[in-house]
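Coordinate analysis (summary)
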Amino acid sequence: MDVKDKIIVVTGAASGIGVALVKRFYAAGAKHIVSVDINLDGAKATAAEFGGTAMQADVSKEDDIKAVIDKTESEIGPIDLFCSNAGIGAGRDLASSNDEWTLSWDVNVMSHVYAARHLAPKMVERGGGYFLNTASAAGLLNQIGSVAYGVTKHAAVGFGEWLALTYKHQGIGVSILCPQAVRTAMTDNASASTQAAATDGMMEPDELAEAVMEGLANNTFCILPHKEVLGYMRRKTDDYDRWIGGMNKLHRSLTGE
Ligand SMILES: NC(=O)c1ccc[n+]([C@@H]2O[C@H](COP(=O)([O-])OP(=O)(O)OC[C@H]3O[C@@H](n4cnc5c(N)ncnc54)[C@H](O)[C@@H]3O)[C@@H](O)[C@H]2O)c1
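Only a predicted model underlies this, so the values are computations on that prediction, with no experimental measurement involved. (Residues numbered from 1 in each chain as written. Predicted model: local features only at pLDDT ≥ 70, side-chain atom pairs only at ≥ 80, totals over all residues. Heavy atoms only, no water.)

**Thoughts on the pattern of salt bridges**
Applying the stated criterion to the full structure yields nine salt bridges. With a closest N to O distance of 3.0 Å, D206 and K23 form a salt bridge. Taken together, the residues span a long stretch of sequence, with D206 in helix α8 (residues 205-217) and K23 in helix α1 (residues 16-27) at a distance of 183 residues. Given a relative accessible area of 40%, D206 falls into the partly exposed group. For E75, the salt bridge is made with K71, and the minimal N-O distance between the two is 3.3 Å. Of this pair, E75 and K71 both sit in helix α3 (residues 62-75), separated by four residues, roughly a single helical turn. With relative accessibility at 57%, the residue E75 sits in the exposed group. (Salt bridge = Lys/Arg side-chain N within 4 Å of Asp/Glu carboxyl O. Helix = DSSP H or I, 4+ residues; strand = E, 2+ residues; numbered from the N terminus. Buried < 20%, exposed > 50% of the residue type's maximum accessible area, 1.4 Å probe, protein only.)

The following block contains the structure:
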């Protein structure tokens, strides 16, 4: 996908990776970008800086996502690229509440399902379209110190795979974005979870946006801005038990447990 002249929706566009994506798509000549966030003031600030429109939506609510899609398509035009990027890091360990689990599931997974449910049929009808779903390296390699995050990001990867393998022949492109640590509000803390994610350093959002542009240009399914992740995946599949042992060692060293 070449984003030039495309109509693009980005969720989580008030902060971090979402802002960097909007900025990069704007620089690449996108036709119109809709910045969506639960934080309307933040989305408005992004749209004011990089053009396009701001919309408020809670991505955990199907009606909100449907409204964004309907409003964009009726007032702006057909959506070429939908970036389900909003996500939350909640649910540290077994003491985490059911509410934290439910919210993580709704924001990190169901938001991707809702976007595809209401947009994929329209895209198929007009011959194509693209979904960029922000998962995480945590969706491939789990997340030390954040159980609900690791588990729901695995589900986001699973949903992205399903979407790609089901719709590829109908012109639907899908990429899952799986970075390790990126310098945003989410990683602005010294938790074990952030330390684990930052094992190979903290990437700047603008650098990540470049990796996304390359991935979209090549229709790469799994976009890995941190190249180390592929090696870790290989080690995991090569010897699962050894990988669990190594991760347990890292868990103990970061948490002191
Ligand atoms: N920062 C990292 O290290 C990192 C690494 C891997 C993956 N990710 C993923 O990247 C995505 C963006 O995260 P970020 O690092 O930019 O974090 P961030 O906290 O800077 O931005 C997240 C944005 O999502 C919005 N949001 C949260 N819940 C929402 C909801 N229910 N409805 C609408 N908007 C909502 C927030 O208001 C915020 O603007 C997330 O999916 C995150 O899991 C981040």
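Read on for the rest.
**Quick notes on the site of the ligand**
Taken together, 28 residues are adjacent to the ligand, and S15, D37, Y149, V182 and T184 come closest. T184 is positioned such that a nitrogen or oxygen atom in its side chain is 2.6 Å from an oxygen atom of the ligand. A total of 830 Å² of accessible area belongs to the ligand in isolation, and the protein chains cover 90% of it. Residue assignment for the shell around the ligand shows that the elements contributing at least two residues are α1 and α6 (147-167). Of the residues contributing to the shell around the ligand, the split by class is 15 nonpolar, ten polar and three charged. (Near = heavy atom within 4 Å. Polar contact = N/O pair within 3.5 Å; in protein donor to acceptor, adjacent residues only side chain to side chain. Areas by Shrake-Rupley, 256 points an atom, 1.4 Å probe, with all protein chains shown as cover. Nonpolar A, V, L, I, M, F, W, Y, C, P; charged D, E, K, R; others polar.)

**Brief notes about the sheet that holds strand β3 (residues 53-56)**
What the seven strands build is an open sheet, ordered β3-β2-β1-β4-β5-β6-β7; its pairing is parallel. Only two strands of the sheet have a single neighbouring strand rather than two, namely β3 and β7 (222-223). The pairing of strand β5 (residues 129-134) with strand β6 (residues 172-177) spans six bridges and is parallel. Of the residues in β6, the one forming a bridge with F131 is V174. Where α1 meets the sheet, its contacts fall on β1 (7-11), β2 (32-37), β4 (81-84), β5 and β6, and the angle it forms with β1 comes to roughly 165°. Strands in contact with helix α2 (residues 40-50) are β2 and β3; relative to β3, the strand with the most contacts, it is inclined by about 170°. (Pairing = 2+ DSSP bridges. Contact = heavy atoms within 4.5 Å. Axes fitted to C-alpha atoms, helices over the stretch in contact; angles between N-to-C directions.)

**Some points on a positive patch on the surface**
Taken together, R235, R242, K249 and R252 make up a surface patch of like positive charges. Looking at the element boundaries, K249 is found in helix α10 (residues 240-255). K249 gets classed as exposed once you look at its relative accessible area, which sits at 57%. (Patch = residues over 30% accessible without salt bridge, like charges linked within 9 Å, V, L, I, M, F, W, Y side chains within 5 Å. Lys, Arg positive; Asp, Glu negative; His and termini not counted. Charge placed at Lys NZ, Arg CZ, Asp CG, Glu CD.)

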